[in-house]
Amino acid sequence: MTTTERVKPRMPDEVGVPDPFSYMHPVMKKNYGNWDWHDRPRPGVLHHVSKSGDEIWTVRAGTQRQMDVFTIRKLCDIGDEYADGHVRFTTRSNIEFMVADEAKVAPLVEALTGAGFPVGGTGASVTMISHTQGWLHCDIPGTDASGVVKGLMDLLHEEFIQEKMPNRVRITTSCCQINCGGQGDIAVNVQYTKPPKINHDLVANVCERPAVVARCPVAAIRPAMVNGKPSLEIDEKKCVCCGACYPPCPPMQINSDESTKIAIWVGGKHSNARSKPTFHKLAVANLPNNAPHWPEVVEVVKTIVQAYKKDAKHWERMGEWIERIGWNRFFEMTGLAFTKHHIDTWTGARKTMNTSAHVHF
Ligand code: SF4
Ligand code: SF4
């Protein structure tokens, strides 16, 4: 090794997004950026035609939320046998198989449905439900968001395999209100309803107090001496019960059965198609966090989906529909109650981007 090589600085080992071209179907690679038009011959199948005349069909199927190795092998075997080995996962845990021959579409659809994977999720359907996976890897979750999804998927299966909604319905579930799951036409989020209770005996031994203080988004935590020991105190008027202080300091006990509830929000949208992106807004709060099937949550989602399907105009997204009919009518049509939880008495909200359905004082 030469001296020059020895002093060469180590570069960051950046993994990032892998190069997609090495995995891409040859027809997609060849026609990259050169597509002319597309249509959907049936729910779950996309057909793209390039300016060169090349064609490709994409078959989309739903999968379970967290996949075991046997299921992944089964999907790969179907890909090898019916789609020349070309598959990709979407951000919503759908799997897509690409074929360049129309004759391969029907056998592929049959193989997928025969193996129990629903084909759908395209166009005006309830697409796969995205969910955060905090129960597995994050440090704030108050519930198993994937479990809530399972409860909902049984209810919404028919709406996934057909395109009979006014427009696409994106449902998200999140395991805390920090909500890294993003905005959704319907968003199911766990909510903590009470500020943390501090176990003062443990704080001094377990927590880095500056880290806990810095973690609070509304500056509600202060260092304090309690019973002669360094501890913390919370300004409960400021606390928004987000749970962010729990990970750096487990003695900030917030995750109790009694204080975790589920809230349902509606009308969020990431895309700027037809109308601008919107935040979702509170529809129902304080539903029980009732594992393993969350029947109360399923019932409310069913009510909202049915009201939207019945009344929204063609191509109206959930938020656009509510905007048109107004919030009064939304609550009338769904039969959901307008409760004290829709009244926001947290004065800090006036200065934030909070655009919820809350009544502000
Ligand atoms: S929603 Fe909250 S708890 Fe769940 S993964 Fe995201 S930040 Fe973590
Ligand atoms: S729950 Fe959130 S708002 Fe309340 S004290 Fe902890 S970090 Fe601050």
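Residues numbered from 1 in each chain as written. Chains lettered and ligands numbered in written order. Predicted model: local features only at pLDDT ≥ 70, side-chain atom pairs only at ≥ 80, totals over all residues. Heavy atoms only, no water.

Caption draft 1: Summary view of the packing of helix 10 (residues 318-325) against helix 11 (residues 327-334). Following both chains from N to C, one finds helix 10 and helix 11 inclined at 110 degrees, their axes separated by 6 Å at the closest point. Comparing the axis directions of helix 10 and helix 11 gives the class roughly perpendicular. Of the residues in helix 11, those in contact with W321, I322 and I325 of helix 10 are W327, R329, F330 and M333. Taken together, the residues that form the contact of helix 10 with helix 11 break down as six nonpolar, no polar and one charged. (Axes fitted to C-alpha atoms, helices over the stretch in contact; angles between N-to-C directions. Helix = DSSP H or I, 4+ residues; strand = E, 2+ residues; numbered from the N terminus. Parallel < 35°, antiparallel > 145°, perpendicular 65-115°, else oblique. Contact = heavy atoms within 4.5 Å. Nonpolar A, V, L, I, M, F, W, Y, C, P; charged D, E, K, R; others polar.)

Caption draft 2: Up close: helix 6 (residues 145-161). Between the first and last C-alpha of helix 6 there are 23 Å, a value that for 17 residues agrees with the 24 Å anticipated at 1.5 Å per step. At L155, helix 6 is bent by approximately 60 degrees, the largest bend along its length. Taken together, the buried positions of helix 6 are A145, S146, G147, V148, V149, G151, L152, L156, E159 and F160. Lining the buried residues of helix 6 we find strand 3 (55-62), strand 5 (94-99), strand 6 (130-131), strand 7 (171-174), strand 8 (186-192) and helix 9 (295-311). (Expected span 1.5 Å × (residues − 1). Bend = angle between axes of the 7 residues up to and from the residue. Buried < 20%, exposed > 50% of the residue type's maximum accessible area, 1.4 Å probe, protein only.)

Caption draft 3: The arrangement of the site of ligand 2 in detail. Neighbouring ligand 2 are the residues P196, C216, P217, V218, I221, C239, V240, C241, C242, G243, C245 and I254. When grouped by side-chain class, the residues that make up the shell around ligand 2 number 11 nonpolar, one polar and no charged. (Near = heavy atom within 4 Å.)

Caption draft 4: Broad picture of the site of ligand 1. Inspection of the region around ligand 1 gives T132, G134, C138, I140, P141, S174, C175, C176 and C180 as its neighbouring residues. Along the lines of polarity and charge, the residues of the shell around ligand 1 split into six nonpolar, three polar and no charged.

Caption draft 5: Fine view of the sheet that holds strand 5. An order of 1-2-3-5-4 is seen for the five strands of this open sheet, with the pairing classed as antiparallel. Strand pairing shows two members of the sheet lacking a second neighbour, strand 1 (35-42) and strand 4 (87-89), which therefore form its edges. Averaged over all neighbouring strand pairs, the angle between strand axes comes to 25 degrees, with direction disregarded. The sheet contact formed by strand 1 and strand 2 (residues 45-50) spans five bridges and is antiparallel. Directly across from H38, in strand 2, lies its bridge partner H48. (Pairing = 2+ DSSP bridges.)

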